Amino acid sequence: MYYVIKGHDFIDETVSVLMIFYPNDKYIQSESTAEGITLVSTFDGNTAKAQLYIEGALKAEDSEIAENSHRSEIKRVVGLSIAMAVNSIMNISLPWGILTGVRPAKLISEGWNEGKATDEITKELNKKYLVSLEKLRLMTEVAEEEKKIVESGRGKIGLYIGIPFCPTRCLYCSFTSYPLKQYSAKVDSYLDCLIREMEFTRQFTDSRELESIYIGGGTPTSLDEAQLDRLLSAVENNFGIPEEYTVEAGRPDTLTREKLRILKSHNVTRISINPQTLNDSTLELIGREHTTAMFLNAFEMAREEGHDHINTDIILGLPGEGEREVINTMEGLVRLSPESITVHTLAVKRASRLKETLEKYSMTSACDMEKYIDISRGYTEKMGMRPYYMYRQKNMVGNFENVGYCKENCQCIYNVQIMEEKQSIIALGAGASTKTVDPATDQIERIFNVKSVDDYITRIDEMLDRKKALKSML
Ligand code: SF4
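Residues numbered from 1 in each chain as written. Predicted model: local features only at pLDDT ≥ 70, side-chain atom pairs only at ≥ 80, totals over all residues.

**Things to note about the overall build of the protein chain**
Part 1 of the reasoning: Within the protein chain, the secondary structure is distributed over 18 helices and 18 strands.
Part 2 of the reasoning: Here the C-alpha atoms of the protein chain give a radius of gyration of 23 Å, agreeing with the 23 Å that 2.2 N^0.38 yields for 474 residues.
Part 3 of the reasoning: Reported as C-alpha extents along the three principal axes, the dimensions of the protein chain are approximately 65 × 50 × 45 Å.
Part 4 of the reasoning: A total of 474 residues make up the protein chain; the buried ones form 46% of that total.
Part 5 of the reasoning: Considering only contacts in the protein chain between residues 6 or more positions apart, those separated by 24 or more positions represent 74%. (Helix = DSSP H or I, 4+ residues; strand = E, 2+ residues; numbered from the N terminus. Rg over C-alpha atoms; globule rule 2.2 N^0.38 Å. Buried ≥ 20, exposed ≤ 12 C-beta atoms within 10 Å, placed from the backbone. Contact = placed C-beta atoms within 7 Å.)

Structure below.
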């Protein structure tokens, strides 16, 4: 599909609204309306206008007047005019309206901080961004849960440690993740550097109360038993054991009873074992190299080894999955009764194998995805869970959301703090990005580590040098 832009430069906004309607298309900037489907978006200093042409003929249009000349307001009316024009033909449900951005619940908490009442905030989001009442309810529920955690974590810090290795690369993955088949020889050198980064960083964090540690990746339990023990000992020696200590044990094919014992012996308080689906044919299709039986066995072993806070991640809308598969996955999770479940909707990310081979798969429609979200929510309610954190990504099928549900007092503090951005989170390892927050102004500053494992190992001195900025940032 083509788009023509005049009088503004909101290319990302234009494309992200078009993606709600034409999710699998290619978007080509053009000067002409003669070919195929073309959207023309103009802003004349006061009014945003969108016109939709099909093979040169005007089929729909809409105009929206900006309330002021702020860039954010112009961006909003540009997006709104496009959505209104296209939807006058498509007529699809827009649960999130034209709202973009990763952290929708933050809009509610920001409104509260400005002294607004919930009703006032939600009415405005509904009117200006067309967010549905159902999503506004979800945003409010999540914001209320997040508020409690944010307030109790004031003045404390969090720590993230990245282990960017996995047994194989999943079809949909766009994370920094290196398949162990090629990278196993580099794991020890990576750990050497990571431990150096821990030892160097502790001088800046020593005086601050650590609220949570999150070891993610990749799959940290891809490390062998001795490496895992070495990593966790170094974490403990440098930072101690905080109130919450999570290790992603994501891929069941990496877990052994001994690794689960090691996690427990180092006082890890929360692990995440992620099936993504409990349907074997899908697991094979997405390249997970484990079966449902392996997941069930890993979960049972974790319980036997005393892990009493286990999260499970699932993905809705995986290729080939319909209502039956979603119900099967949720029924299986009900039987296991994890403490929390994170329900993702599939995102087709640019750096994934899925994006490269998309034409091979038939993707879930927005309408079906809405049904699957409702089904999963129904099951989490049955398990006594409530939504407590949420985020959205670009290129999500149907433009929905990812939601973390948990039983009472089983929230993941780290997940909330990273979403609300009111706490400094120090991040170590390849691809890690440290984020500090000034408590007086909420201003955020970042320190980035290099992404690739090879660069991280060869440039570790430079990474330590970058961390020196923490002296003035914390
Ligand atoms: S387990 Fe997670 S990080 Fe590893 S390849 Fe799969 S999606 Fe990527």
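Structure shown, so let's carry the discussion forward.
**Some details on the site of the ligand**
Part 1 of the reasoning: Taken together, the residues surrounding the ligand are Cys166, Arg169, Cys170, Cys173, Phe175, Ser177, Gly217, Gly218, Thr219, Gly250 and Arg251.
Part 2 of the reasoning: Residues that form the shell around the ligand fall into these classes: four nonpolar, five polar and two charged. (Near = placed C-beta within 6 Å. Nonpolar A, V, L, I, M, F, W, Y, C, P; charged D, E, K, R; others polar.)

**Side note on the nonpolar core**
Part 1 of the reasoning: By size, the foremost hydrophobic cluster in this structure holds 125 residues, and its most contacted members are Ile82, Val142, Ile271, Ile273, Leu316 and Leu346.
Part 2 of the reasoning: A per-element tally of this core places helix H2 (residues 71-90) first, with eight residues.
Part 3 of the reasoning: Filtering out sequence-adjacent residues up to four positions away, Ile271 remains in contact with Val247, Ala249, Leu263, Ala302, His307 and Ile310. (Core = buried A, V, L, I, M, F, W, Y, C linked by C-beta atoms within 7 Å.)

**With respect to the domain arrangement of the protein chain**
Part 1 of the reasoning: Structurally, the protein chain comprises domain 1 (2-90), domain 2 (104-149) and domain 3 (153-464).
Part 2 of the reasoning: Computed over C-alpha atoms, the centres of domain 1 and domain 2 are 27 Å apart. (Domains from an automatic or database assignment.)

**Structural notes on the pairing of strand E15 (residues 402-406)**
Part 1 of the reasoning: Counting buried positions along E15 yields four of five residues, so the element is predominantly enclosed.
Part 2 of the reasoning: Where strand E13 (residues 340-345) and E15 come together, four bridges link them in antiparallel fashion. Bridging across to E15, Ser340 finds its partner in Cys406.
Part 3 of the reasoning: Pairing between strand E14 (residues 386-391) and E15: five bridges, direction antiparallel. Residue pairing in the sheet places Pro387 in a bridge with Tyr405 of E15. (Pairing = 2+ DSSP bridges.)

**Description of the sheet that holds strand E1 (residues 2-6)**
Part 1 of the reasoning: Read from one edge of the open sheet, five strands run E2-E1-E3-E4-E5, paired in mixed fashion. What marks the edges here is a single partner per strand, and that holds for strand E2 (28-29) and strand E5 (57-65).
Part 2 of the reasoning: In this structure, E1 lies alongside E2, joined through two bridges in parallel fashion. Bridge pairing in E2 places Tyr3 opposite Gln29.
Part 3 of the reasoning: Sheet strands touched by helix H1 (residues 11-21): E1 and strand E3 (37-43). Its angle to E1, the strand with the most contacts, is close to 145°. (Axes fitted to C-alpha atoms, helices over the stretch in contact; angles between N-to-C directions.)

**Here we look at unusual backbone geometry**
Part 1 of the reasoning: Cis geometry marks the peptide bond from Gly217 to Gly218, where omega comes out at 15°.
Part 2 of the reasoning: Along the chain, the position of Gly218 falls in the loop between strand E9 (210-217) and helix H8 (225-239).
Part 3 of the reasoning: For Ser337, which is not a glycine, the phi torsion comes out positive at approximately 55°.
Part 4 of the reasoning: Mapped onto the elements, Ser337 comes out in the loop between helix H12 (323-336) and E13.
Part 5 of the reasoning: Taking the number of C-beta atoms within 10 Å as the measure of exposure, Ser337 has 12 and is therefore exposed.
Part 6 of the reasoning: Residue Glu421 is not a glycine yet carries a positive backbone phi of 55°.
Part 7 of the reasoning: By the secondary structure assignment, Glu421 is in the loop between helix H15 (413-420) and strand E16 (424-428).

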